[in-house]
Amino acid sequence: AQTVTQSQPEMSVQEAETVTLSCTYDTSESDYYLFWYKQPPSRQMILVIRQEAYKQQNATENRFSVNFQKAAKSFSLKISDSQLGDAAMYFCAYRSAPRTASKLTFGTGTRLQVTL
Amino acid sequence: DTAVSQTPKYLVTQMGNDKSIKCEQNLGHDTMYWYKQDSKKFLKIMFSYNNKELIINETVPNRFSPKSPDKAHLNLHINSLELGDSAVYFCASSQEPPPTSAPSTDTQYFGPGTRLTVL
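Worth saying up front: this structure is predicted, and the values here are computed from it rather than measured.

The next subject is the pattern of salt bridges. All names here are of chain A. Under the definition given, this model contains eight salt bridges over all chains. As a salt-bridge pair, Lys73 and Asp26 come within 3.8 Å of each other at their nearest N and O atoms. Here Lys73, found in the loop between β8 (64–69) and β9 (74–79), pairs with Asp26, found in strand β4 (residues 24–26); they are 47 residues apart in sequence, far enough to count as distant. Taking the shortest distance from any N to any O, the salt bridge between Glu52 and Lys55 comes out at 3.8 Å. Glu52 sits in the buried class, given a relative accessible area of 9%. What makes Lys55 partly exposed here is its relative accessible area of 39%.

Now the structure itself:
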């Protein structure tokens, strides 16, 4: 079974600074997807970024980028130019490559605080 | 134009009652999911339906019964509610497998969640 580990329960960053959230995972599969979801106080789960394991290039979405190290099974999220609206719980998630249906396996989350 | 909607958003009920949570998606997806988020914020899959067929059924008590009347709806019925059922329940949907023209549609999109409190 796959497992996802987020070793940082809480992180803090100053506005406009950069922060990196860590995620490691364990799998014996070679084809899979990785995601970062954001959960603000509204509790809505919002997709931040997605990475296909077969792609060597790291995914980026505006101020959000990942550092995907497949051999090390590491998938960190970098948030640049942090904004107050980035304050939320961030969840790393793993899923097997497309099948009829494939569940997301989540990490335990990192709570990000953004300070002035 | 809500993509994945759930009703109700909040549900407070007594132990032993039976309750349902409804989920609807207008994304045209054929796969829907139920996840449970406990008090420590841990999210775990409960069920998944693909084209009204049960695909994933994790270790969940028999008191929980999903029902999918059509591809756009997946409801969760809970019998004999217990204190430990208090949690936030999320519905999600995706397109499996994704069409070649839209390869990222297998990404799961979540509803706003239903906070269930059992007293």
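Take the environment of A:Glu17 next. All names here are of chain A. Looking at the secondary structure, you find Glu17 in the loop between β2 (10–14) and β3 (19–21). Assessed through its relative accessible area of 43%, Glu17 is described here as partly exposed. Along the chain, Glu17 and Leu34 lie 17 residues apart, while their C-alpha atoms are 25 Å from each other. Among all residues touching Glu17, those that are not within four sequence positions of it are Ile79, Ser80, Asp81 and Ser82.

Across a sheet, paired strands are connected by hydrogen bonds in the backbone, their directions being either parallel or antiparallel. Residue and element names in this part refer to chain B. Pairing in this open sheet of four strands is antiparallel, and the strands run β1-β3-β8-β7 from one edge to the other. Looking at which strands have only one partner, the edges of the open sheet turn out to be β1 (4–7) and β7 (64–70). Direction aside, the axes of adjacent strands within the sheet are offset by 20 degrees on average. Sheet topology note: the β1/strand β3 (residues 19–25) ladder contains four bridges and is antiparallel. Each bridged residue has a counterpart across the sheet, and for Val4 the counterpart in β3 is Gln25.

So, on to the interface of chain A and chain B. The interface of chain A with chain B comprises 24 residues on the first partner and 32 residues on the second. With both chains or domains summed, chain A and chain B bury close to 2,100 Å², and 54% of this area falls on carbon and sulfur atoms. Remark: the boundary between chain A and chain B carries one salt bridge. In this structure, B:Glu58 and A:Lys103 form a salt bridge, with 3.5 Å as the shortest nitrogen-oxygen distance. Inspection of the chain A/chain B interface yields 11 residue pairs in polar contact (both at pLDDT 80 or more). Secondary-structure elements contributing two or more residues to the side of chain A that touches chain B are β5 (32–39), β6 (46–52) and β10 (88–96) of chain A. When its residues are assigned to classes, the side of chain A that touches chain B shows 11 nonpolar, six polar and seven charged.

What counts as what
Residues numbered from 1 in each chain as written. Chains lettered and ligands numbered in written order. Predicted model: local features only at pLDDT ≥ 70, side-chain atom pairs only at ≥ 80, totals over all residues. Heavy atoms only, no water. Salt bridge = Lys/Arg side-chain N within 4 Å of Asp/Glu carboxyl O. Helix = DSSP H or I, 4+ residues; strand = E, 2+ residues; numbered from the N terminus. Buried < 20%, exposed > 50% of the residue type's maximum accessible area, 1.4 Å probe, protein only. Contact = heavy atoms within 4.5 Å. Pairing = 2+ DSSP bridges. Axes fitted to C-alpha atoms, helices over the stretch in contact; angles between N-to-C directions. Buried area = accessible area lost by both parts, 1.4 Å probe. Polar contact = N/O pair within 3.5 Å; in protein donor to acceptor, adjacent residues only side chain to side chain. Nonpolar A, V, L, I, M, F, W, Y, C, P; charged D, E, K, R; others polar.

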